[in-house]
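Structure at a glance
Spelled out from the first residue to the last, the chains are:
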Amino acid sequence: MGFHEVRFPANLSFGSIGGPERRTEVVSLVNGFEERNSPWAHSLRRYDAGVGMRSLDDVETLIAFFEARHGKLHGFRWKDWSDFRSCGASEEVNYRDQVIAMGDDVTAGFPLVKTYRSGPHDYARPILKPVQGTVKIGVAGDEMREGVHFEIDAETGIVTFDHPPNADREITAGFEFDVPVRFDTDHIQTSMASFKSGDVPNVPVVEVRV
């Protein structure tokens, strides 16, 4: 499976619908109780790209992008407008947004993560496709400089320091990110007449593990 480091046109994904999906297996027991288990450690996100189409020019752009990806064959980047930053929706990205690791005097490379919290529970989501030029890193409360203190691999989400951070130093990060996805169909059906009457094509997109 190939992955193209290109983003689906952000103006088209702006009007899309979608979000995270979990897989939970529920077994009902004879005594009325139930057992629940999930084979997935991480959620998968699904979207419908067709909802964002507003003109025939948009449909042409969609078809060109679809053909260049060879349908389902190659993955690509997707901007989820409802969740694309390390901070809150009304806030600006800051290097203190997320705690991603603790220094240990040995490790120089750390993956970006975004933690979702609700009450005493949380979920750490791996961030594999950060947006180049948006990543900010801090160590023990001090902001680091990209190209001087660290480098970021925008294709994997790995932050690599020039020197391993000292032990017990908190490493923080702020960033924008994309979702790695692919088309979940090898067929797009469009009609000029139906589009003008208000119908839009169904173009499912699904997150991929990379």
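Quick caveat: nothing in here was measured; it's all calculated off a predicted structure.

So, how was this worked out
- Residues numbered from 1 in each chain as written.
- Predicted model: local features only at pLDDT ≥ 70, side-chain atom pairs only at ≥ 80, totals over all residues.
- Heavy atoms only, no water.
- Core = buried A, V, L, I, M, F, W, Y, C linked by side-chain atoms within 4.5 Å.
- Buried < 20%, exposed > 50% of the residue type's maximum accessible area, 1.4 Å probe, protein only.
- Helix = DSSP H or I, 4+ residues; strand = E, 2+ residues; numbered from the N terminus.
- Contact = heavy atoms within 4.5 Å.
- Polar contact = N/O pair within 3.5 Å; in protein donor to acceptor, adjacent residues only side chain to side chain.
- Salt bridge = Lys/Arg side-chain N within 4 Å of Asp/Glu carboxyl O.
- Phe/Tyr/Trp six-rings, centres within 6.5 Å; stacked < 30°, edge-to-face > 60°.
- Lys NZ or Arg CZ within 6 Å of the ring centre and 35° of its normal.

1. With respect to the nonpolar core
Counting residues in hydrophobic clusters, the biggest one holds 18 residues, and the most contacted among them are Ile-100, Leu-112, Ile-137 and Phe-161. Broken down by secondary-structure element, the contributors of at least two residues to this core are strand 7 (98–102), strand 12 (136–139), strand 14 (150–153), strand 15 (158–161) and strand 16 (170–174). Those residues in contact with Ile-137 that lie beyond four places of it in its chain are Tyr-95, Leu-112, Asp-142, Glu-143, Met-144, Phe-150, Val-159, Phe-161, Ile-171, Thr-172 and Ala-173. One finds Leu-12, Leu-62, Val-179 and Val-205 within the second-largest nonpolar core, a separate group that totals 17 residues.

2. Observations regarding unusual backbone geometry
The phi dihedral of His-70 is positive, around 55°, even though this residue is not glycine. Mapped onto the elements, His-70 comes out in the loop between helix 2 (56–68) and strand 6 (74–78). Positive phi, close to 65°, is recorded for Asp-168, a residue that is not glycine. Its place among the elements puts Asp-168 in the loop between strand 15 and strand 16. Accessibility expressed as a relative area gives 65% for Asp-168, which makes it exposed.

3. Things to note about the side chain of Thr-172
Inspection of the secondary structure assignment puts Thr-172 in strand 16. Judged by relative accessible area, which is 7%, Thr-172 ranks as buried. Here the side chain of Thr-172 touches Tyr-95 through a polar contact of 2.7 Å, landing on its backbone oxygen. Ignoring sequence-local partners within four residues, the contact set of Thr-172 consists of Tyr-95, Arg-96, Gln-98, Val-99, Ile-100, Lys-136, Ile-137 and Gly-138.

4. Observations concerning the pattern of salt bridges
Inspection of every chain in the model, using the stated rule, returns 10 salt bridges. Measuring nitrogen to oxygen at the nearest pair gives 3.2 Å for the salt bridge that ties Arg-46 to Asp-184. Residue Arg-46 is located in strand 5 (residues 44–48), and its partner Asp-184 is located in the loop between strand 17 (177–183) and helix 3 (192–196); the two are separated by 138 residues in the primary sequence. What makes Arg-46 partly exposed here is its relative accessible area of 35%. Here Asp-83 makes a salt bridge to Lys-114, at a shortest N to O gap of 2.5 Å. Here Lys-114 lies in strand 9 (residues 113–118) and Asp-83 lies in the loop between strand 6 and strand 7, a separation of 31 residues in the sequence. The same class applies to Asp-83 and to Lys-114, which are both buried. If you follow the salt bridges from partner to partner, you end up with Glu-5, Arg-7, Arg-77, Lys-129 and Asp-178 in one network.

5. Comments concerning the packing of aromatic side chains
A complete count under the given rule lists 14 aromatic pairs for this structure. Where Phe-66 meets Phe-183, the ring centres are 5.1 Å apart and the plane angle is 65°; that geometry is what we call edge-to-face. Of this pair, Phe-66 sits in helix 2 while Phe-183 is found in strand 17, placing the two residues 117 residues apart along the sequence. Among the residues examined, Phe-66 registers a relative accessible area of 8% and is labelled buried. A ring pair is formed by Phe-110 and Phe-161, whose centres lie 6.0 Å apart and whose planes are at 75°; its orientation type is edge-to-face. With Phe-110 in strand 8 (residues 109–111) and Phe-161 in strand 15, this pair connects stretches of sequence that are 51 residues apart. Through pairs of rings, three or more aromatic residues link up here, namely Phe-8, Tyr-47, Phe-65, Phe-66, Phe-76, Trp-78 and Phe-183. The residue whose ring lies beneath Lys-79 is Phe-84, and the NZ or CZ to ring-centre distance is 4.3 Å.

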